Amino acid sequence: MSENNHWAFDVQMKTSIGPRFGHMTVYRNCDRLSGILEILNHREPFEGFIDEEGHCHLSGRIITLVRTIDYKATGKITPDNLELSIIDDRYVLKIYGTPSQT
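Residues numbered from 1 in each chain as written. Predicted model: local features only at pLDDT ≥ 70, side-chain atom pairs only at ≥ 80, totals over all residues. Heavy atoms only, no water.

1. Notes on the nonpolar core
Then comes step 1: Within the largest apolar cluster, 23 residues are counted, with the highest numbers of intra-cluster contacts made by Met24, Leu37, Leu58 and Ile77.
Then comes step 2: Elements with a contribution of two residues or more to this core: strand E1 (6–14), strand E2 (20–29), strand E3 (32–39), strand E4 (42–50), strand E5 (55–63), strand E6 (68–78), strand E7 (81–87) and strand E8 (92–99).
Then comes step 3: With residues up to four places along the chain from it excluded, the contact list for Ile77 reads Trp7, Phe9, Val26, Leu33, Ile50, Gly54, Cys56, Leu58, Leu82 and Leu84. (Core = buried A, V, L, I, M, F, W, Y, C linked by side-chain atoms within 4.5 Å. Buried < 20%, exposed > 50% of the residue type's maximum accessible area, 1.4 Å probe, protein only. Helix = DSSP H or I, 4+ residues; strand = E, 2+ residues; numbered from the N terminus. Contact = heavy atoms within 4.5 Å.)

What follows is the structure, given as structure tokens:
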């Protein structure tokens, strides 16, 4: 897989009790996305679609101490930036990312 199809981000999820930090690895194959979101001490897969400008729709899950959040996310992913709004039945969470330095 070429470098253009694989992106790694250091991410920050904004929550009501403060920011949570993690890592997100994104694989792009044409208009399809897949990858792993590592946050809150869990690694969970996601998948979705992306257009030519980087606008995307993802689905996956986040595991917290008290529940599992099955989410739909919308936002924008480019090699230099990640911005997502994660929506489930109770919350809208924002995730921001910058290219990983590791």
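2. A look at the confidence of the model for the protein
Detailed reading of the predicted model is not advised wherever pLDDT is low.
Then comes step 1: For the protein, per-residue confidence averages 91 on the pLDDT scale, and 95% of positions sit at 70 or higher.
Then comes step 2: In the model of the protein, E7 stands out as the element of lowest mean pLDDT, 93, in contrast to E4, which has the highest, 98. (pLDDT = per-residue confidence, 0-100.)

3. What about the state of the cysteines?
Then comes step 1: Per the counting criterion, the structure on display carries zero disulfides.
Then comes step 2: With no disulfide of its own, Cys30 lies 16 Å from the sulfur of Cys56, the closest cysteine sulfur.
Then comes step 3: The exposed category is assigned to Cys30, whose relative accessible area is 63%.
Then comes step 4: Judged by relative accessible area, which is 2%, Cys56 ranks as buried. (Disulfide = S-S within 2.5 Å.)

4. Some details on the sheet that holds E6
Then comes step 1: On the basis of which strands lie adjacent, the closed barrel formed by eight strands has the order E1-E2-E3-E4-E5-E6-E7-E8 and antiparallel pairing. Adjacent strand axes in the sheet meet at a mean angle of 25° when their direction is disregarded.
Then comes step 2: With nine bridges connecting them, E5 and E6 associate as antiparallel partners. Paired with Ser59 across the two strands is Lys72, which belongs to E6. (Pairing = 2+ DSSP bridges. Axes fitted to C-alpha atoms, helices over the stretch in contact; angles between N-to-C directions.)

5. Thoughts on the pattern of salt bridges
In a structure, side chains of opposite charge can pair up when their charged atoms sit close to one another.
Then comes step 1: Under the criterion given, the structure shown has two salt bridges.
Then comes step 2: As a salt-bridge pair, Glu44 and Arg61 come within 3.2 Å of each other at their nearest N and O atoms. With Glu44 in strand E4 and Arg61 in strand E5, the pair connects residues that are 17 residues apart, well separated along the chain.
Then comes step 3: Among the residues examined, Glu44 registers a relative accessible area of 13% and is labelled buried.
Then comes step 4: Classification of Arg61 by relative accessible area gives partly exposed; the value is 38%. (Salt bridge = Lys/Arg side-chain N within 4 Å of Asp/Glu carboxyl O.)

6. Section: the environment of Met24
Then comes step 1: Here Met24 shows up in strand E2.
Then comes step 2: In this structure, the C-alpha to C-alpha distance between Met24 and Thr98, residues 74 residues apart in sequence, is 9.8 Å.
Then comes step 3: With near-sequence residues (within four places) excluded, Met24 lies in contact with Trp7, Ala8, Phe9, Val11, Ile36, Leu37, Phe46, Leu58, Leu82 and Leu84.

7. Here we look at the layout of surface pockets
The probe, sized like a water molecule, is rolled over the atoms to show the empty space still left.
Then comes step 1: Taken as a whole, the largest pocket holds about 460 Å³ of empty space.
Then comes step 2: As for the largest pocket, its lining consists of 18 residues, of which Thr15, Ile17, Leu40, Thr64 and Ile69 are closest to the centre.
Then comes step 3: Elements represented by at least two residues in the lining of the largest pocket include exactly E1 and E8.
Then comes step 4: Of the residues assigned to the lining of the largest pocket, the class counts are 10 nonpolar, four polar and four charged. (1 Å grid on protein atoms, 1.4 Å probe; cavity = no way out; pocket = protein on both sides within 12 Å on 5 of 7 lines; lining within 4 Å. Points joined across faces, edges and corners; volume = space filled by probe spheres on them. Nonpolar A, V, L, I, M, F, W, Y, C, P; charged D, E, K, R; others polar.)

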